Each structure stands twice: as C-alpha cells, then as structure tokens.
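Summary of the model geometry
Below are the chains, spelled out letter by letter.
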Amino acid sequence: MAGDFWQRFRKNRLAVAGLAVVVLLFVLSFLAPWISPYDAGAIDLKSILQPPSAKHPLGTDPLGRDVLSRMIWGAGISLKVGFVATGIAIVIGTLLGAAAGYYGRWVDALIMRFVDIMLCFPTFFLILAVIAFLEPSIWNIMIIIGATGWMGITRLVRADFISLKERDFVLAARAIGASDARIIFRHLLPNAMASILVAATLGVAGAILTESALSFLGIGVQPPTPSWGNMLTAGKDNIDIAWWLSLYPGLAILVTVLGYNLLGEGIRDALDPRLRR
Amino acid sequence: MIRYVSKRLLFMIPLLLGITIICFTVMHLAPGSPTDMETQMNPRASAEAKERLMALYDLDKPLHVQYWLWLKKIAVLDLGTSFSQDRRPVDRKILERLPITILLNLLSMGLILAVAIPLGVLSAVRQDSWFDRLAGIFVFVGFAVPTFWLALLLMILFGVELGWLPISGIRSLNYEYMTPGAALWDLLKHLILPVGLSAFGGLAGLSRYMRSNMLEVIRQDYILTARAKGLRERTVIYKHALRNALLPVITILGLSVPGLIGGSVIFETIFAIPGMGQLFYMSVMSRDYPVVMGILLIGAVLTLLGNLLADVSYALADPRIRVS
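The rules we used
- Throughout, residues of each chain are indexed from 1 in the direction in which the sequence is written.
- Working convention: letters from A go to chains and numbers from 1 go to ligands, in the order in which they are written.
- Restriction of local features to residues with pLDDT of at least 70 applies here, the model being predicted, together with a cutoff of 80 or more for giving and counting side-chain atom pairs; totals for whole chains, interfaces and linings are based on all residues.
- Side-chain figures throughout are based on the complete set of non-hydrogen atoms in the structure, without hydrogens or water.
- Secondary structure elements are defined from DSSP: runs of H or I of at least 4 residues count as helices, runs of E of at least 2 residues count as strands, and each element is numbered from the N terminus.
- A 1.4 Å probe rolled over the protein chains alone gives each residue an accessible area, and that area as a share of the maximum for its type sets the label: buried under 20%, exposed over 50%, partly exposed in between.
- Residues count as neighbours in contact if any of their non-hydrogen atoms are within 4.5 Å of one another.
- Centre distance within 6.5 Å is the pairing criterion for rings of Phe, Tyr and Trp, where only the six-membered ring of Trp is used; planes under 30 degrees apart are then read as stacked, over 60 as edge-to-face, and the remainder as tilted.
- Whenever Lys or Arg places a side-chain nitrogen within 4 Å of a carboxyl oxygen from Asp or Glu, that contact is recorded as a salt bridge.
- Here the bounds of each domain stem from an automatic or database domain assignment.
- Buried area is a sum: the accessible area each of two parts loses on coming together, probed at 1.4 Å, counted once for each and added.
- Polar contacts here mean pairs of N or O atoms no more than 3.5 Å apart (in protein, one a potential hydrogen donor and the other a potential acceptor; neighbouring residues in sequence count only if both atoms are side-chain atoms).
- Under the grouping applied here, Gly and all other residues not named as nonpolar or charged are polar, the nonpolar ones being Ala, Val, Leu, Ile, Met, Phe, Trp, Tyr, Cys and Pro and the charged ones Asp, Glu, Lys and Arg.

1. Quick look at the overall build of chain A
- Each helix and strand counted, chain A has 11 helices and 0 strands in total.
- What you see in chain A, going N to C, is helices and strands ordered as α-α-α-α-α-α-α-α-α-α-α.
- Considering only C-alpha atoms, chain A reaches an extent of 75 × 45 × 30 Å along its principal axes.
- Put simply, chain A has 277 residues, and 51% of those count as buried.
- Long-range pairs, those at least 24 residues apart, make up 70% of the contacts in chain A between residues at least 6 apart in sequence.

2. Here we look at the packing of aromatic side chains
Residue and element names in this part refer to chain A.
- Within the structure shown, the criterion is met by 17 aromatic pairs over all chains.
- Here Trp6 and Phe9 contribute two aromatic rings whose centre-to-centre distance is 5.7 Å and whose plane-to-plane angle is 20 degrees, an arrangement assigned as stacked. With Trp6 and Phe9 both in helix H1 (residues 2-11), this residue pair falls 3 residues apart, about one helical turn.
- Ring geometry for Phe26 against Phe30: centres 6.3 Å apart, planes inclined by 20 degrees, an arrangement best described as stacked. With Phe26 and Phe30 both in helix H2 (residues 13-35), this residue pair falls 4 residues apart, about one helical turn.
- For Phe26, a relative accessible area of 29% gives the class partly exposed.
- Here Phe30 falls in the exposed class, since its relative accessible area comes to 59%.

3. Description of the environment of Met71 of chain A
All names here are of chain A.
- Tracing the chain through its elements places Met71 in helix H3 (residues 67-103).
- The exposure class of Met71 is buried, given its relative accessible area of 12%.
- Note: C-alpha distance between Met71 and Ala252 (181 residues apart in sequence) is 7.9 Å.
- In contact with Met71, not counting residues within four places along its chain, are Leu58, Trp228, Met231, Tyr248, Pro249 and Ala252.

4. Points about the pattern of salt bridges
All names here are of chain A.
- Tallied over the full model, the rule gives 9 salt bridges over all chains.
- Here Arg113 ties to Asp116 by a salt bridge, and the two come within 3.1 Å at their closest N and O atoms. With a gap of 3 residues between them, Arg113 and Asp116 both fall in helix H4 (residues 105-120), about one helical turn apart.
- For Arg113, a relative accessible area of 43% translates into the label partly exposed.
- Of the residues examined, Asp116 reaches a relative accessible area of 22% and is grouped as partly exposed.
- Taken together, the salt bridges that share partners define one network made up of Arg113, Asp116 and Arg155.

5. Observations concerning the domain arrangement of chain B
All names here are of chain B.
- Entries for chain B in the domain assignment read domain 1 (2-75) and domain 2 (96-323).
- Each partner contributes to the roughly 1600 Å² buried at the junction of domain 1 and domain 2, and carbon and sulfur atoms together form 80% of this total.
- Where domain 1 meets domain 2, there are 1 salt bridge.
- Measuring nitrogen to oxygen at the nearest pair gives 3.0 Å for the salt bridge that ties Asp311 to Arg8.
- There are 1 residue pair in polar contact (both at pLDDT 80 or more) connecting domain 1 and domain 2.
- Broken down by secondary-structure element, the contributors of at least two residues to the side of domain 1 that touches domain 2 are helix H1 (2-27) and helix H3 (47-57).
- Taken together, the residues of the side of domain 1 that touches domain 2 break down into 15 nonpolar, 2 polar and 2 charged.

See below:
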C-alpha cells in the first residue's frame, strides 16, 4: 500500500516539486541561525532601504535590516503558524465530524447546524473581530485561525464516517462488543485519515495565506518578529521607493502556498487515482 | 414556489439566532468584566470604555438576561453608539458605508462571471488542449497568490511606475469640478484595481467549477440526443449544454458572498476606500467594540441573505429543486 502510494506519487512531477518546496522550507527554517547572512533583527541605520546588491542580495528595509535574512527567519514563522493552526482545526474538525457521522440523529443535526452558522460568517470578519478583543500575538493568531477553520474538515470526516459505519468490519467490531470510542478511534478514524491528510496539507497553505494577510494588516505576527506578511507592510509604506520590499516576501508566500497545494493534490491523486480531476 | 420560499425563510430563523449567539460569545471576550484583573492592567481598555461597555451590554446582569436584552436591542437595529470621537450611532456609521462595499462586490461578482464562465466553458470544450492547460496553470497559481501582494505589485506597476491609475480612494480631490463624464471616468479609474483584484480571488474557483460542470453535462444523454438528431455542435454546446451547466453557478455565487465581503477588509484598507471593510479594520485597530460587533453581525446577515437569494433564484431557474 505504502509502496504503491510512493510509486504513484513519484510519477507526478508537480507533486514531487511541491514536496521539494516543503522540504526546502523546513531545512531553511531549521538552519536559519547558521545560513542567514545577517541577524534578522540587526538594525543598521547607515544602510536603510538599499536596493538589492551583492552585500544585501534582496535589499534592506527601512531600518536597514537585511531582507533575505528576515525572509529566512520568516519561513519558520510561517511553518509554525501553518502547522499549529491547521493542527487545531484538524482536532476540532475531526472530533466534531466523527461525532456527527457516527452518532447521527440529533448529535449530527446539532453539529451540522453549528457548522452552517459558522459558515455564515465571513471568516476574515470573525478572525478580525476576535482579534479586536484579544492582543494580537503569534499564539492568538494561530488559535484563532484554527478555531475558525475547522468546518470543512468536519463535513469531510462526517461524510467518511457515514459511508464507513455500515461496513462489515464495523458491524463485526460492534458484534464482538467493542465500545463506541474503540470503533471510532481504532476502526473508523484510520480509514478517514487519507482525506484528513489531504485536507491538512491544503489547510496549511490556507493558514499561511491568512496569517500573511493578517500580519500585513498589522494585526497578526507583530514586529520585530519577522513574518512574510508584516515585511510586506513595509513594502506598502515604501511603495514608491522600494519595490524589493513588496516583491520578495510575497513571492515567498506564493511559492510556499503553491508547494503545499501541489503536495496536497499529489497526495490525493496518489491515495486514490479515481479522485483525479 | 411560495411554499419553498417560506420554508427557506423558516430555516433562516435558527441560523439567525445562532449568528447572534456566536456574536454574543465573541463579545464576551471583551475586557469589560470588573473582576478581570488582566484587563485592569490593559491600558488599551480605559475605565471609560469599560463603563460604556457595561452600560451597552448590561454586563452587570446574569448572562441569559444580557443576551435577551442585547437581542431586543439588535432586533430594532440599535447597535449602540461608536466609541470613537464622533459618538455616532453604529447603524448610521455602517449604513453610510455599506453602499460602496456592496457596489464593489457586485462589480467584482459581475467581472468574475464575465471571465470565469467563458474560461471554464472553453477549457471544457477543448479539454486537454493548450488553452485548457494554460487555464489550469492560471487557476492553480491563482489559488496560491496572496491577493494583497498582487495588489501591491499592481500598485507599483500601474500607480507608481506607469502612473496610469490612482492607488487610493474612489475619487480624485478635484472631482467636484469635473464634467459628469470626466467624473465617471475618474471613478472608474479608481475602481479598476480594487474590483479587478477582488474578482481575481474568486475567479479561479468558479472557472474550475464551470469546467468540471460542463464536462459532466457534455456526457449526459440529452446531449447525445441533441447530437444524434443532427444539431450543429455550436448549438449543442452553447444552447443545450451551457444552460444546464450554468445552473449550479447560482449556488456558487451565493457561497462566494462571505469571501467577497471578507476580502473587502483587505482591499478597502489597501486602496483607502471608504467602505464597510475599511470601517471594520479601523474599528478593530481602535477597539471600537460596538462598531466591530455591528459589522460582524451585518456581515453574517449579508451572507445569509446572499445564500437565500441564491437558493431562491436556483429554485426559480430549476423546477426540479422546488419539487424535491
């Protein structure tokens, strides 16, 4: 099964490219202290807003900090936000979806109405409103993005559970007296993992996009912590004099999100070739 | 039809109540509780703001009483008064900014339809051609582009380097002195970037959807019948297939409402457009809680209305929905 999966995945060149991007980002963020040419926070007022040069390959920002170094450090922040936020969304979404799909009836009705209600809110409005009441910090951002992004996963897991729960292996488990918890976590959940994994990969991309938009607006990751989003704020403030501040961090976001999306779609196609669109 | 619409309206009631409960929950994250030591230290929540929050939301009463009193207030659109200097009623502040936001969103919705439908249909009709592949790449990259970044790049290109388009506001300073034609052109020039970018976000999804819809319809028996009786390919595609593939687009449009409204925060902030999104952002930054709550509520209600409108139009367009 795993061998089959890898065989199919490897043939999809785009998916492999996506995987390469993701791996590269991990390596970059772990090696950041050693490979970034400057200290990400080192202010150098003698070289502010320098265009890209041999000394500063991607230029410097209004405080004279090296853009390349800040981008390398920003990679780690993006990964952290993406993974933690998605993790929270996965846990909430899976638990609610499993309960709705397995128990059905009023539990299902209640949870799915809750999903419908949550989907009425423009997600960005909900996130902003919550931030208005809390301090914007990287942890709050991760929790809020996760807590407002679980609805799709709930629907997915519920659908999987509904189609799985009448299958013979579940009926057999019930016949020998397995508890609900055992059936849900040992028998049903492993069979739903494939679609959860795909949703998680695509979810990381979405969370990184949301974080960068929030940080860009000044209500996400707060300076001086470097994030690709808040680096773009400096780009906007200096839009008529320093194009490099706008170009490079956004390019990093684009490539990262593209990487996760390609990886996610690749995993989906390799898990189940019938799902190929 | 009337029965269908009234059924849909009845379904909205629990959703509306749910929306108010979630808003109410968010509100209770507010620094307002007198026993909350953390907020006492919080310099951003002044004593005065706390007092006004107490009065506005009756925070000294038990929770269910608070909720009931608040529900009675919002039922008559009494959203309180703004914390900002002007202290104006929140509903007034929002209503005067709503038209520009709705105008922008309708324009970008129109643009999405005008571009995504031909794109999707042509991709489907010429499946696996170079056009289809190109469109596929465009869509895939479109999903991944942070639109606010694209906005910055286009501002640099068209606003700063080429100087063709203005990059902030919706009017030039001297628009009062322009002829009507020039004033309209001025408005259009201000709207091109924000509307185009806001449409770009929804474009990818709809064109992909249109493509897969069209591919599915083309395989149906009635298309085979149309071909079998010797109709020209053009008639088959653009009359028989397209009409059926277009139907579900109504639903997708309804579903895209929250995304568009949410996106208005970003575009109105970047381009300094005086709409509801910009008001929301400014209120979040200045912790003008009554305005934040008001816009959150109105955003959700607008989404609900968008979905209702989509469902009803679908039922009008497709009799099968009404019966089942």
